[in-house]
Amino acid sequence: MTTTTETVNDVRHSGPTLPLAGRTKDLVGSMIDSSTSLLAAQSHDIVRFAMGSPADEAVPADEFRQIAGEILDHTSFTYGATEGEPRLLQLLVDYLATTPDPSTHDRLVITTGGMQGLDLACKLFVDPGDLVVVESPTYTNGSATALSYGAQLLEVPVDDDGMQVDQLADLVAHTHKTPKAIYTIPTFQNPSGVTMSEERRRELLRLAHTWGAVIIDDDPYGLLRFAGTDIPTFQTLSPGDPLIFSVRTFSKILAPGWRVGWVDADPSLRQLLINGKQAMDTCTNVPNQHIVAEYIARGGLEDHLAGIRSLYRERKDAMLDSIERHLGDRVVTTAPEGGFFLWVTLREEFAEIDTRELFEIALADGVAFIPGPALSPGGRFRNSMRLCFASSTPERIDEGIRRLTSSLEKMAR
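How each quantity is defined
- Along each chain, residue indices are assigned from 1 in the same order as the chain's sequence is written.
- pLDDT decides what is reported in this predicted model: residues at 70 or higher carry local features, side-chain atom pairs at 80 or more are listed and counted, and totals for whole chains, interfaces and linings draw on all residues regardless.
- Calculation of side-chain values draws on the structure's entire complement of heavy atoms; hydrogens and water are dropped beforehand.
- A run of H or I in DSSP becomes a helix once it reaches four residues, and a run of E becomes a strand once it reaches two; helices and strands are each numbered from the N terminus.
- Here a residue-residue contact requires only that any non-hydrogen atoms of the pair lie within 4.5 Å.
- All accessible areas in this document rest on Shrake-Rupley with a 1.4 Å probe, and a residue is counted as covered only by the protein chains that are shown.
- Salt bridge, as used here: a side-chain nitrogen of Lys or Arg that lies within 4 Å of a carboxyl oxygen of Asp or Glu.
- Only protein chains enter the accessibility calculation, which uses a 1.4 Å probe; a residue is then buried when its area is under 20% of its type maximum, exposed when over 50%, and partly exposed in between.
- By nonpolar core is meant a set of buried Ala, Val, Leu, Ile, Met, Phe, Trp, Tyr and Cys residues that side-chain atoms within 4.5 Å join together.
- In this description, strands pair whenever DSSP reports at least two bridges between them.
- Between N-to-C directions, angles cover 0 to 180 degrees, with each direction set by a line fitted to C-alpha atoms, over the stretch in contact for helices.
- Any angle from 65 to 115 degrees is called roughly perpendicular, while one under 35 is roughly parallel, one over 145 is roughly antiparallel, and all others are oblique.
- By definition, any crossing whose near helix is turned counterclockwise from its far helix by less than a right angle is left-handed, and any crossing with a clockwise turn is right-handed.
- Three classes are used, and their members are as follows: Ala, Val, Leu, Ile, Met, Phe, Trp, Tyr, Cys and Pro are nonpolar, Asp, Glu, Lys and Arg are charged, and the others, Gly among them, are polar.
- Working definition: the arc comes from the directions between the helix axis and the C-beta atoms, pointing outward to the latter.
- Definitions used for this entry: grid spacing 1 Å over protein atoms alone; cavity, a set of points where a 1.4 Å probe fits but cannot get out; pocket, an open set with protein on both sides within 12 Å along at least 5 of 7 lines; lining residue, one with an atom within 4 Å of a point.
- Grid points are joined across faces, edges and corners, and a volume is the space filled by probe spheres set on the points.

J.: What's the story with the overall build of the protein in this structure? I'm lost.
T.: Tallying secondary structure elements over the protein gives 14 helices and 14 strands in all. Along the three orthogonal principal directions, the C-alpha set of the protein runs to about 75 × 60 × 55 Å. Taking all contacts inside the protein whose residues are at least 6 apart in sequence as the whole, residues at least 24 apart take part in 75%. Accessible surface computed for the protein: about 18,000 Å², of which carbon and sulfur atoms make up 52%.

Printed below as a string of structure tokens:
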């Protein structure tokens, strides 16, 4: 007798092939985001250097709970304006006026996190076959967004001063194409932690104007400088430039779970941004916008930023100190002046270790990171890895580096 389950399976396996869109071949997913589910499935203790998330203690959860209890009412649970809640937009304009990156109402649209800002940028500027320049290594969620719109990616190396812009023109010439967009994370880059120099920013602006290419300026970390001096943003260097499309977010400075960010773009794009967003989600989560707005209105944002800058500096120093003690000259690291990440490259007896293979061993040993190839569209950097210092205490950081060292030494035997 054939069971109902067997009948369903027979129909499923003998039925027509699903009519998938051609673009699905370019939906590559994210090892970074997938690590959240992977780590949640583990039952043993793991020091988590993988996900780029704020420390639990860096999220003002008690204040958020209090604000939610005091202000949320019927106006918080209905549809909102696609461009963002008016109060949040005004407060954001007022706050940005106190930073090196002021803006105006007609340039801002509230987004569902920074990722929606990147998606909107690619939706507006990238056609199938267009050449999009990306850093190498890069935040591959961003490059994957460009791929999902059919982009051809060109990887440009990164060093301690950011994208090697001096190589860009020659690399572009070899493609026999003109770039349509240049995707960069110029400040405390994800994954390397390095910052693009002012000289390179000026040259990148010059090249963008030569090609008529938009600079997709992704900066989740710029407000998290804990050492050194500020470098002028693209908007500062070229005010009102229509070829600068800036993507920002509250995810790294307040909490990623809010999924509230913004884009700062030429006013001529605002209606297109609204149209594009209306085809995605109608509006960003209204209760979350109300809570973020009230938090800013109560005046705590700058004190909060000062506190987490100090916290993250301590943790970055703790990670570098621990790496020096446990690993010494067997690795090379970056030394960021802000943000969340260190980039670690293996050398000497570790030089031939593939960090994708190391990941499985290290996870079993109780430490997680992101392997280098996951941070390059072409799968480069097999002997490198990204470590997040922001979300662990100095004591946990030292334990995690100790475990990582043990895993490396196992593989080197």
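Next, the rest of the story.
J.: Explain the pattern of salt bridges here, please?
T.: In a structure, side chains of opposite charge can pair up when their charged atoms sit close to one another. Considering all chains together, one arrives at 30 salt bridges under this definition. A salt bridge links E294 to R87; the nearest nitrogen and oxygen atoms lie 2.8 Å apart. Highlighted residues: E294 in helix α11 (residues 286–297) and R87 in helix α4 (residues 86–96), separated in sequence by 207 residues. Using a relative accessible area of 13% as the deciding quantity, one classes E294 as buried. Under the relative-accessibility criterion, R87 is labelled partly exposed at 43%.

J.: Which parts of the structure should I look at to understand the nonpolar core?
T.: The nonpolar side chains of a soluble globular protein tend to be buried, and buried together. Counting 95 residues, the largest nonpolar core has F245, Y312 and L387 as its most contacted members. If one sorts the elements of this core by residue count, helix α12 (residues 301–326) sits on top with 8 residues. The contacts of L387, once residues within four sequence positions are left out, are F49, M319, I323, F340, F341, L342, V344, F369, I401 and L404.

J.: In this structure, what is going on with the sheet that holds strand β13 (residues 370–371)? I would like to understand it.
T.: Backbone hydrogen bonds are what pair the strands of a sheet, in a parallel or an antiparallel way. Taken together, 4 strands build an open sheet; the order of strands is β10-β11-β14-β13 and the sheet is antiparallel. Two strands lie at the open edges of the sheet, namely β10 (331–333) and β13, each paired on one side alone. As paired elements, β10 and strand β11 (residues 341–346) share 3 bridges and run antiparallel to each other. The partner of T333 across the bridge, within β11, is V344.

J.: Just checking my understanding: could you explain the packing of helix α3 (residues 61–71) against α11 for this structure?
T.: Closest axis-to-axis distance for the α3/α11 pair is 10 Å, and the angle between their directions is 110 degrees. By the angle class used here, α3 and α11 are roughly perpendicular. Relative to α11, α3 is oriented so that their crossing is right-handed. For the pair α3 and α11, contact is made by E63, F64, I67, A68 and I71 and by H290, I291, E294 and Y295, respectively. Looking at the contact of α3 with α11 residue by residue, the class counts come to 6 nonpolar, 1 polar and 2 charged.

J.: Would you mind going over the packing of α4 against α11 with me for this structure?
T.: A pair of packed helices can be characterised by two numbers: the angle between their axes and the separation between those axes. The interhelical angle for the contact between α4 and α11, taken along N-to-C directions, is 35 degrees, at an axis separation of 9 Å. Judged by the twist between their axes, the crossing of α4 over α11 is left-handed. Mapping the contact onto sequence places R87, L88 and L91 in α4 and Q289, V292, A293, E294, I296 and A297 in α11. Among the residues forming the contact of α4 with α11, the class breakdown is 6 nonpolar, 1 polar and 2 charged.

J.: Help me understand the sheet that holds strand β7 (residues 214–218), please; the structure alone is not making it clear to me.
T.: Pairing is mixed across the open sheet formed by 8 strands, whose spatial order is β2-β9-β8-β7-β6-β3-β4-β5. Two strands close off the open sheet at either side, each with one partner strand: β2 (108–111) and β5 (162–163). Two strands pair when backbone bridges link them, and strand β8 (residues 244–249) and strand β9 (residues 261–264) are joined in this way by 4 bridges, in the antiparallel orientation. Residue pairing for β9: R248 is matched across the bridge by W262. In the packing of helix α6 (residues 140–148) onto the sheet, the strands contacted are β3 (131–136), β4 (152–159) and β6 (179–184), and the crossing angle to β4 comes to about 160 degrees.

J.: What should I look at first to understand α4 in this one?
T.: Residues three or four positions apart in an α-helix share a direction because the helix packs 3.6 residues into each turn. Looking only at α4, the buried set comprises L88, L89, L91, L92, V93, Y95 and L96. Looking at the buried positions of α4, the neighbouring elements they touch are β2, β9, α10 (270–278), α11 and α12.

J.: How should α10 be read in this particular structure?
T.: Those residues of α10 that sit buried are L273, I274, G276 and K277. All buried residues of α10 project into a common sector of 165 degrees when viewed along the axis, lining one side. Where α10 is buried, its residues contact β2, α5 (113–125), β8 and β9.

J.: Just checking my understanding: could you explain empty space enclosed by the protein for this structure?
T.: Any space left empty among the atoms is revealed by the rolling of a water-sized probe across them. On inspection of all chains with the given rule, the structure shows 1 cavity of 30 Å³ or more. If you trace the largest cavity, you find it lined by L118, C122, V132, G142, A146, Y183 and I216. Mapped by element, the contributors of at least two residues to the lining of the largest cavity are α5 and α6. Taken together, the residues that form the lining of the largest cavity break down as 6 nonpolar, 1 polar and no charged.

J.: Looking at this structure, how should I read the side chain of Q289?
T.: Note on placement: Q289 falls in helix α11. Excluding anything up to four places from it in sequence, Q289 contacts G84, E85, L88, I110, V260 and T284.

J.: What is the right way to look at the side chain of T355 in this model?
T.: Summarising the element assignment, T355 is placed in helix α13 (residues 355–365). The class for T355 is buried, based on a relative accessible area of 0%. Leave out the neighbours within four places in its chain, and T355 touches L346, F369, P371, G372, P373, F381, R382, N383, S384 and M385.

J.: So what exactly am I meant to see when it comes to the layout of surface pockets here?
T.: Volume-wise, the largest pocket comes out at about 540 Å³. Together, 29 residues line the largest pocket, and T99, P100, D101, G222 and L223 are the ones closest to its centre. The set of elements that each furnish at least two residues to the lining of the largest pocket consists of α4, α9 (234–237), β8, β9 and α12. Counting residues per element, the lining of the largest pocket draws most heavily on β8, which supplies 3 residues.

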